[in-house]
Amino acid sequence: MDADALEREGLAAAAAASSANAIEVVRVEYLGRKSALKQALREVRDRETGMALNAARERLEGAIDARESELARAELDARLTTESVDVTLPVGGFSRGKLHLITQIRREVEDVFLGLGYSVVDGREVETIHYNFDALNFPAGHPARSPLATLFVDETTVLRTETSPSQVRTMEVQEPPVYIVSLGRTYRRDTPDATHSPIFHQVEGLAVDEGITLADLTGTLDFLLRKLFGEKRRTEFRTHYFPFTEPSIEAYVSCHVCDGDGCPVCRHSGWIEVGGAGMVDPAVFAAVGYDPERYSGFAFGWGLERIAMLRHEFPDLRELWRNDLRFSRQF
Amino acid sequence: MRAPLSWLREYVRVDATAHEIARRLNVSTLEVDRVIDIGVADVGDNLSYLRVGKVVEAAKHPNADKLQLCQLDVGEGELRQIVCGAWNFGVGATVAVGLPGVLLPGFPAPLDERPLRGELSRGMILAEDEIGLGSDHDGIMLLPGGIEPGSPLSDVLPVCEQVLDCTTTMNRVDLLSMVGLAREVATLCNGQLLPIDVEDPAIVRPGQVDVSIDDPEGCPRYIARVLEGVSVGPSPMWLRARLHAAGMRSISNVVDITNYVMHVYGSPLHAFDRTKLDGGGILVRRAADGEELTTLDGTVRKLDERDLLITDGTKAVALGAIMGGLDSEISDTTTEILLEAANFEPIGILQTSERLGLRTEGSNRWEKGVDPHMAEPAAVLASRLLVDLAGAELTGAADVHSGLPERAVVRLRPERTNRIVGLDVDSEEQRSILERLGFEVNGDWDVTVPTWRARDVTREIDLVEEVARVVLDRVPHTMPLRRLVAGHLTREQRHRRLVEDVLVGSGFSEAYTWSLVAADPDRNALRLADPMSGDQAILRTTLLDGLIAAARENVDAGNDGIALFELARVYLPSGEALPEERWRVGGIVAGGFSEARSAVEAIYDALHLELRPARTTVPHLHPGKAAATTAGWLGGLHPALLDGSWAVFELDLLELTAPIPERVLYDDVITFPPLRQDIAVVVAEEVEAAALVDTILEAGAPELRAANVFDVYHGDQVGAGRKSVAIHLSFQVPDRTLSDADAAVVRDRVIALLAERFDAELRG
Ligand SMILES: [Zn+2]
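Residues numbered from 1 in each chain as written. Chains lettered and ligands numbered in written order. Predicted model: local features only at pLDDT ≥ 70, side-chain atom pairs only at ≥ 80, totals over all residues. Heavy atoms only, no water.

Chemist: I keep staring at the overall build of chain B and nothing clicks. Help me out?
Modeler: Helices and strands together make up the secondary structure of chain B, namely 17 helices and 40 strands. Whereas a compact globule of 764 residues would reach a radius of gyration of roughly 27 Å, chain B reaches 42 Å, over 25% beyond that. Counting only C-alpha atoms, chain B reaches 130 × 75 × 60 Å along its principal axes. Scored against the burial criterion, the 764 residues of chain B give a buried share of 53%. Once local pairs closer than 6 in sequence are excluded, the contacts in chain B between residues at least 24 apart make up 68%. (Helix = DSSP H or I, 4+ residues; strand = E, 2+ residues; numbered from the N terminus. Rg over C-alpha atoms; globule rule 2.2 N^0.38 Å. Buried < 20%, exposed > 50% of the residue type's maximum accessible area, 1.4 Å probe, protein only. Contact = heavy atoms within 4.5 Å.)

Chemist: Sorry if this is basic, but what is going on with the coordination of the zinc ion here?
Modeler: Residue and element names in this part refer to chain A. Coordination of the zinc ion by the protein comes from C255 (SG), C258 (SG), C263 (SG) and C266 (SG), over a distance range of 2.2 to 2.3 Å. Every donor counted, the four donor atoms about the zinc ion form angles of 104 to 116 degrees at the centre, which fits tetrahedral coordination. Linear spacing of the donor residues for the zinc ion on their chain is C-x2-C-x4-C-x2-C. The same class applies to C258 as to C263, namely buried. (Donors = N, O, S within 2.8 Å, 3.2 Å for Na, K, Ca; no water. Tetrahedral: all angles 85-135°; square planar, octahedral: opposite > 155°, others 65-115°.)

Chemist: Would you take a moment to explain helix α3 (residues 36–43) of chain A for this structure?
Modeler: What sets the pattern is the α-helix's 3.6 residues per turn: residues three or four places apart point alike. Residues and elements named next belong to chain A. Among the residues making up α3, those that are buried are L37, A40 and L41. Considered in projection along α3, the buried side chains sweep an arc of 100 degrees and stay on one side of the axis. Looking at α3, the residues exposed on the side facing more than 90 degrees away from the buried face are R42 and E43. Next to the buried residues of α3 lie α1 (3–16), α2 (20–31) and α4 (47–82). (Arc of directions from axis to C-beta.)

Chemist: Please explain the confidence of the model for chain B as it appears in this structure.
Modeler: Parts of the prediction with low pLDDT should not have their coordinates interpreted in detail. Averaged over all residues, the pLDDT of chain B is 94; the fraction at 70 or higher stands at 100%. Predicted complex, confidence summary: ipTM 0.88, pTM 0.87. (pLDDT = per-residue confidence, 0-100.)

Chemist: So what exactly am I meant to see when it comes to the nonpolar core here?
Modeler: Note that soluble globular proteins tend to have their nonpolar side chains buried in a common cluster. Judged by nonpolar contacts, the single largest core of 181 residues is most densely connected at W302(A), L164(B), Y222(B) and V261(B). By size, the runner-up hydrophobic cluster in this structure holds 29 residues, among which are V504(B), A563(B), V589(B) and L656(B). (Core = buried A, V, L, I, M, F, W, Y, C linked by side-chain atoms within 4.5 Å.)

Chemist: What exactly am I supposed to notice about the pattern of salt bridges here?
Modeler: Two side chains with opposite charge may pair up if their charged atoms get near one another. Residue and element names in this part refer to chain B. Enumeration according to the criterion identifies 92 salt bridges over all chains in this entry. Notably, a salt bridge pairs E228 with R205, separated by 3.2 Å at the nearest N-O pair. Within this pair, whereas E228 is found in strand β15 (residues 221–228), its partner R205 is found in the loop between β13 (192–193) and β14 (211–213), the two being separated by 23 residues in sequence. Judged by its relative accessible area of 24%, E228 is partly exposed. Under the relative-accessibility criterion, R205 is labelled partly exposed at 43%. Salt bridges here are not isolated pairs; linked through shared partners, they connect R172, D174, E184, R453, D456, E466 and R469. (Salt bridge = Lys/Arg side-chain N within 4 Å of Asp/Glu carboxyl O.)

Chemist: So what exactly am I meant to see when it comes to helix α10 (residues 427–436) of chain B here?
Modeler: All names here are of chain B. All of the buried residues in α10 are Q430, R431, I433 and L434. Relative to the axis of α10, the buried residues are bounded by an arc of 160 degrees and lie together on one face. Of the surrounding secondary structure, the elements contacted by the buried residues of α10 are α3 (178–188), α9 (414–421), β26 (440–441), β27 (446–448) and α11 (460–470). A distance of 2.9 Å separates the backbone nitrogen of E428 from a side-chain oxygen at the start of α10, and that oxygen is part of D426. Among the residues trailing α10, G438 stands out with phi positive, at a value near 100 degrees. (Polar contact = N/O pair within 3.5 Å; in protein donor to acceptor, adjacent residues only side chain to side chain.)

Chemist: So what exactly am I meant to see when it comes to the interface of chain B and chain A here?
Modeler: A common way to report how large an interface is uses the accessible area buried once the components associate. Taken together, the contacts link 88 residues of chain B with 91 residues of chain A. Buried area between chain B and chain A, both sides added, is near 7,300 Å², and the carbon and sulfur share of it is 53%. The interface formed by chain B and chain A contains 13 salt bridges. In this structure, E500(B) engages R107(A) in a salt bridge whose closest nitrogen and oxygen atoms are separated by 2.5 Å. Linking chain B to chain A there are 54 residue pairs in polar contact (both at pLDDT 80 or more). When residues in the side of chain B that touches chain A are grouped by element, the largest group, seven residues, is from helix α12 (residues 491–505) of chain B. (Buried area = accessible area lost by both parts, 1.4 Å probe.)

Chemist: How do you make sense of the pairing of strand β32 (residues 580–590) of chain B when you look at a structure like this?
Modeler: On any regular strand, side chains alternate: one points to one face of the sheet, the next to the other face. Residues and elements named next belong to chain B. Along β32, nine of the 11 residues are buried, which leaves the element largely enclosed by surrounding structure. Two elements, strand β31 (residues 563–572) and β32, share 10 bridges in a ladder whose sense is antiparallel. Along β32, the bridge assignment pairs E566 with G586. One ladder, built from seven bridges, connects β32 with strand β36 (residues 646–652); its direction is antiparallel. Residue V585 lies in a different strand from β36, and its bridge partner there is L651. (Pairing = 2+ DSSP bridges.)

Chemist: Honestly, the pairing of strand β34 (residues 621–629) of chain B in this entry has me stumped. Any pointers?
Modeler: Residue and element names in this part refer to chain B. Across two bridges, strand β33 (residues 614–615) lies against β34 in antiparallel orientation. Residue pairing in the sheet places R615 in a bridge with A627 of β34. The antiparallel pairing of β33 with β34 creates a hairpin that spans five residues between the two strands. In terms of strand pairing, β34 meets strand β35 (residues 632–637) through five bridges, oriented antiparallel. Residue pairing for β35: A626 is matched across the bridge by G635.

Chemist: Which parts of the structure should I look at to understand the domain arrangement of chain A?
Modeler: What the domain assignment lists for chain A is domain 1 (3–82) and domain 2 (101–328). Distance between the C-alpha centres of domain 1 of chain A and domain 2 of chain A: 82 Å. (Domains from an automatic or database assignment.)

Chemist: What is the right way to look at unusual backbone geometry in this model?
Modeler: Residues apart from glycine generally show negative phi values, whereas peptide bonds are mostly found in trans. Note that the residue after P176(A), namely P177(A), is joined by a cis bond; omega there is 0 degrees. With respect to the element layout, P177(A) can be found in the loop between α7 (165–173) and β5 (178–187). Here the residue pair E246(A) and P247(A) is connected by a cis peptide bond, since its omega of -5 degrees sits within 30 degrees of zero. A positive phi angle, near 55 degrees, is found at D759(B), a position not held by glycine. Checked against the element boundaries, D759(B) lands in the loop between α17 (740–758) and β40 (761–762).

Chemist: Please clarify how the packing of aromatic side chains should be interpreted in this entry.
Modeler: The geometry of an aromatic ring pair is captured by two quantities: the separation of the ring centres and the angle between the planes. Going through the model one piece at a time under the given rule, you end up with 18 aromatic pairs over all chains. When the centroid spacing of 5.2 Å and the interplanar angle of 80 degrees are considered together, the rings of F314(A) and F327(A) count as edge-to-face. A residue pair is termed long-range when its members are at least 10 positions apart, and F314(A) in the loop between α10 (304–312) and α11 (319–322) and F327(A) in helix α12 (residues 325–328) qualify at 13 residues. Assigned by exposure class, F314(A) and F327(A) land together as buried. With a centroid separation of 6.1 Å and an interplanar angle of 75 degrees, the aromatic rings of F508(B) and F649(B) are classed as edge-to-face. (Phe/Tyr/Trp six-rings, centres within 6.5 Å; stacked < 30°, edge-to-face > 60°.)

Chemist: Hey, could you run me through the packing of helix α5 (residues 101–115) of chain A against helix α8 (residues 214–229) of chain A in this one?
Modeler: Residue and element names in this part refer to chain A. Viewed as axis vectors pointing N to C, α5 and α8 meet at an angle of 135 degrees, and their least axial separation amounts to 11 Å. Classed by the angle they form, the pair α5 and α8 counts as oblique. Considering only the axes of α5 and α8, their crossing is right-handed. In contact with E108, V109, V112 and F113 of α5, α8 contributes T220, F223, L224, K227 and L228. Looking at the contact of α5 with α8, its residues break down into six nonpolar, one polar and two charged. (Axes fitted to C-alpha atoms, helices over the stretch in contact; angles between N-to-C directions. Parallel < 35°, antiparallel > 145°, perpendicular 65-115°, else oblique. Left-handed = near helix turned anticlockwise from the far one by under 90°. Nonpolar A, V, L, I, M, F, W, Y, C, P; charged D, E, K, R; others polar.)

Written out as structure tokens, the structure is:
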């Protein structure tokens, strides 16, 4: 029995096998119980021949295994090519909806302030004039107190004209430090047009603690504005007047469309007015029993519609109330 | 308020340009909406083509009846021929001339020499509208005599002007004046405030002026001055030009002077034709109920006790602080005037002007609270101008008040400023800022507030603001230093976000609909006292109407796959002044009952709640497809409310989330797997699935852990009025795996109880 010749013949047969079935036939013929190799091994008498035959069997086994997996892989590849689909073809899909754009911005703002360690407070929308005006230091004769500007339920009850009453309600029940934001619907007697709506949304922020400064306010608003309009934005703060803050400021952000060069979005000024802010007026602290010598604070109140319109460049805020899916599905 | 820069520079010496001034004012004082350029463009040598000229010859054009042929001295040595269409001048007139090459506003190209009807015209004699000084085009401008011909016109008239268009906040009425703006500019731009030096004319023939005030609260001060020998006519060019640049129309010298002085000091004035005042005096009082006055605009105003009137003692002659009366208006023939420089209380004025819908330059200032001290310099300047420009003589003066307010003194701690602002502002700088703004500061930091700031600076914090606004562009950006940080969403807020997210993931888009509705199912729902319209009169107690409208909007738009939800408040009448505001989630989706149930089930499941709907009756739901849950309702929308088939639901968040467990405890359903079997039972048609499942679970406890209906079959095999209900059963105990024999015992108990309660038969 010539082990070498048998091995050469088996290796050649394995290499020639072209299917899973064929390689199985080769395996039986060269390694099966009735194969010449197995018979020779059964009959072997001397150690040297035995070692040579075993080595030949191992090499043959390895070659047949390798060829077998090679063929299996080729067969799988061949099958997969026949299963290919047009990956560019649209599919039915799961149905999906969208959050309202204002809700998306509301959550963005909430998340910025949650990250800064603020809590979110749900104010109420129907308020007494005490919380809406008196406790916020609105002077007698302030135009906002007029029924021409504000929606009254009765003489002492109004639909809140800003989210600020939530400041007072929070401070009444909580000692400083206070770090809150409050977002929600507000109401004014405005005839609806492209930039006005009798119902709109505000974000109110309030921080009261020992040592709060105007610089803390501008730093906080700078942070928020860059989160909302992009990290490259610059901010500017200009003096203003509000009854419930002193000093009062108005926040501006460099135009995100032209980056300050001037364009229609910023009315060619390079700056976009975002909203009011200021240091909490001591009269507001007095109304809730805080000591203005010990505590200072800042507050701001901005319209969310304005942020939405500026950032997404749609011209008419009434779209936000029309609920047309062709609008909501874009955001 | 429009502030022409050349006028402003009369009161403040400053190097800064208009745009630099605007920028500083914007940050620290008020909003400058824009800088308006008016007049002739100051580019290249354009202004050098504008000269003063003297008319040496003027005759009718030989070939045109409507034109004059003129020879002018424009300082060139020889005369210059110009053809002109105006006839309001003659030989000797001093006029404004534009030479060929000048680019005039509104003209597409520079002026050139050209023949007009055969005669060469080498320039143009100018009317005020041609160089942006006014709107008059009836004739050319006549300049005062005595100006050297050939002088640059820009030395004589503000031929190019920049105007600051300002909007001030309501606390700074002092900025509705040129002197107020000048003070700010001087402070912000290192300028020097220039005093207004006016000599009060002497009273030439002292006469009696009777002024009395019945309502000293409404009118704390009334200065009246009588001027005789007035000649009413047009204002001189410089005054017309200033008013035009400031956005005011020139009317006559007398009226222009009152407007001019109002612009200078911010304290409005009024001039009466004194011959129309019975007795020539003034009585200020409240109107009688129903009293009438015809105001300058020709409208008959019906008044009541709330309105302040200026009367002559017998009849009303002006609506105090708002508008003069028509009868005593200045006319061409007026020769004697009573000049009013008064002071009025703001709130009453605001209320009258709002009620009458009548807002004027005057009321706009008075309603914000004008400094009573300003009446006097205003009266002096106006008298001076009436004497100088209208040939008047001052013959009487009265100043009635019961004491003018003292200047307040407020203590400032400069270190307090720094603690509030978060910037170290040297105390000497603070002192300097305050002093430049007109405050007086002594060595103890007792700060005396100027009278024109008496209303808005009363406390230390108001002084802090004065410093803060001036240094505002230097304030750094820092973050609060926190000792305690506790930011979080409440459980309710997290649940609201979760409900929104579940619905969005289920294919619903969020809608925002009006809180104010036309009608509401709750008869006690809150109603606005004076709604903007009937559609927005009532505070809603349900979201349904808004969602139906939103769905209809989308149907009309031709959108498909309509599925909308809203998570918002409703306002439930509480019996108290304030309603109970409750969060609700509502939805509307094209489809039937199963769409509503799927959505509600998704919400319940996400919140670890079990949905157990029960049949109910609600007017807005399909009577056969209406279910109540622990927190609201769901079902098919009643077809009368919207065409098509729609599923709707509304849940109260408070009721929905109340039963949510604090913690969810682990249940070991893995170690010993359940044994599953199916059964089918035949019962009467009206038996509800939930009743069967409840009974099965009751009978099968504790080994039976779950029973779920998976099929309902009607047909011949079960008979009329009956149905076959197929149910998955799942048996499981925590300490061992159950055998078929164990399950068979439980199953027998179940079938027995079903038979007893529902006459159920086991099928198959
Ligand atoms: Zn821009």
